[in-house]
Amino acid sequence: MIIQLVSDYLSYLEIERGLSKNTIAAYKNDLVFFFDFLNDINNVEDIKRHHLSEYIKYLGKNDHNTATITRKIASIKGFFRYLCATKELKANPALSIASPKISKKLPKVMSADEIEKLFKEKMDARELAVFELLYATGLRVSELVELDIKNIDFQNNTIRTIGKGSKERVIPIGTKAKSALKNYLKEREMDIKLSSSKKKDESKVFLNNFAEKITRQWVYSFIHNLGDIIHKSISPHTVRHTFATHLLENGADLRVVQELLGHANIVTTQLYTHISKKHLKDVYFAING
């Protein structure tokens, strides 16, 4: 019973809500974890508010951080809302469950000097194109990996990507990113010609030496290794944060940055204004003591 309801809910998230496979996998893991905790309950009608309270206490005692607990509660709330909407449940046991408050941490960003230092490092054509595109567009790593060759428009200097919730956006690319991308595509053609791999994928922009689609893990590893050069732990998301922050510091409109990042809510984008203010304070006190 419960297994089928979870399966139906995940299908709803994929088909109706258009959520990504990674997001759906996270929902699934959270729900499986919850129902493993309630191992003696076989029907959703038997789940009461006190079960949820006990679960939250359990998470806290087992060293789950606030962000993780909040996400797990959100997954459960979404599931029970779905059950009520589909008339599988008459009452929602999670309705009054409060999530712990998360203190908003400023995202880690790189300075202009650090970015410049990284670009001076020796990279092959693929690595340079990946780094240039991440910094020039603020793409999420999933969007970069899934970027289709047909969605690059060199004539208009733009790329088209499909973000969260299957929302499409068009992002301009600058001269440096365009040049790096063109240089890489020449090598890419050679990899495609020489490859005999069954997983060869000519539709994607970024391929490995076997002409197979690069993985998220490869991108994370590459960016992490770049961080060693500036003695900083960085990820593709750090580059995305840096892209947004540098735009705002150079006078970009908040709404424009929201569109470029693909944020559904401008409140998410507003977090970067705090970074910019912090940057200004740091510069001021560095000069004026």
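Above: the structure in question.
Definitions and limits used
Residues numbered from 1 in each chain as written. Predicted model: local features only at pLDDT ≥ 70, side-chain atom pairs only at ≥ 80, totals over all residues. Heavy atoms only, no water. 1 Å grid on protein atoms, 1.4 Å probe; cavity = no way out; pocket = protein on both sides within 12 Å on 5 of 7 lines; lining within 4 Å. Points joined across faces, edges and corners; volume = space filled by probe spheres on them. Helix = DSSP H or I, 4+ residues; strand = E, 2+ residues; numbered from the N terminus. Nonpolar A, V, L, I, M, F, W, Y, C, P; charged D, E, K, R; others polar. Axes fitted to C-alpha atoms, helices over the stretch in contact; angles between N-to-C directions. Parallel < 35°, antiparallel > 145°, perpendicular 65-115°, else oblique. Left-handed = near helix turned anticlockwise from the far one by under 90°. Contact = heavy atoms within 4.5 Å. Salt bridge = Lys/Arg side-chain N within 4 Å of Asp/Glu carboxyl O. Buried < 20%, exposed > 50% of the residue type's maximum accessible area, 1.4 Å probe, protein only. Phe/Tyr/Trp six-rings, centres within 6.5 Å; stacked < 30°, edge-to-face > 60°. Lys NZ or Arg CZ within 6 Å of the ring centre and 35° of its normal.

> Please provide a residue-by-residue account of empty space enclosed by the protein, values included.
Inspection of every chain in the model, using the stated rule, returns one cavity of 30 Å³ or more. Estimated volume of the largest cavity: approximately 50 Å³. In terms of lining residues, the largest cavity is bounded by Leu 52, Tyr 55, Ile 56, Ile 73, Ile 76, Lys 77, Ala 94 and Ile 97. Sorting the residues of the lining of the largest cavity by element identifies helix H3 (49-61) and helix H4 (66-85) as the ones contributing at least two each. Grouping the amino acids of the lining of the largest cavity by side-chain chemistry returns seven nonpolar, no polar and one charged.

> I'd like to hear about the packing of helix H5 (residues 112-119) against helix H6 (residues 125-137), residue by residue, with values.
Helix-helix packing: each pair is described by the crossing angle between the helix axes and the interaxial distance. Where H5 meets H6, the closest approach of the two axes is 11 Å, and the angle between their N-to-C directions is 160 degrees. Between H5 and H6, the angle falls in the class roughly antiparallel. Classified by chirality, the crossing of H6 by H5 is left-handed. In this structure, H5 contributes Ile 115, Leu 118 and Phe 119 to the contact, and H6 contributes Leu 128, Phe 131, Glu 132 and Tyr 135. Classifying every residue of the contact of H5 with H6 by side-chain character gives six nonpolar, no polar and one charged.

> Just give me the short version of the pattern of salt bridges, but keep the residues and values in it.
Applying the stated criterion across every chain yields a total of 11 salt bridges. Close ionic contact of Arg 140 with Glu 143 constitutes a salt bridge, the shortest N to O distance being 2.6 Å. Across the pair, exposure class does not vary: Arg 140 and Glu 143 are buried alike. Across the pair Glu 189 and Arg 188 runs a salt bridge, and its minimum N-O distance is 3.2 Å. A relative accessible area of 38% means that Glu 189 is categorised as partly exposed. Judged by relative accessible area, Arg 188 falls into the buried class, the value being 3%. Because the salt bridges share partners, they merge into one network encompassing Glu 146, Asp 148, Lys 204 and Lys 213.

> Explain the environment of Arg 126 to me, using residue names and the numbers behind them.
Position of Arg 126 relative to the elements: it lies in helix H6. Taking C-alpha positions, Arg 126 is 8.3 Å from Arg 188, a pair spaced 62 residues apart along the chain. Residues within four places of Arg 126 in sequence aside, it is in contact with Tyr 184, Asp 191, Phe 206, Leu 207, Asn 208, Asn 209, Ile 214 and Trp 218.

> Residues and numbers for the packing of aromatic side chains, please.
Each aromatic ring pair is characterised by the separation of its centres together with the angle its planes make. Applying the stated criterion to the full structure yields 17 aromatic pairs. Plain terms: the ring middles of Phe 33 and Tyr 58 are 6.5 Å apart, the flat faces sit at 40 degrees to each other, and that makes the pair tilted. Pair noted here: Phe 33 is in helix H2 (residues 21-37) and Tyr 58 is in helix H3, with a separation of 25 residues, a long-range link. For Phe 33, a relative accessible area of 29% puts it in the partly exposed group. Judged by its relative accessible area of 32%, Tyr 58 is partly exposed. Here a set of aromatic residues connected by ring pairs shows up, and it is made of Tyr 9, Tyr 12, Tyr 27, Phe 33, Phe 34, Phe 35, Phe 37, Tyr 55, Tyr 58, Phe 79, Phe 80 and Tyr 82. Sitting above the plane of the Phe 33 ring, Lys 72 keeps its charged end 4.3 Å from the centroid. One cation-aromatic arrangement involves Lys 182 over Phe 154; the distance from NZ or CZ to the ring centre is 5.1 Å.

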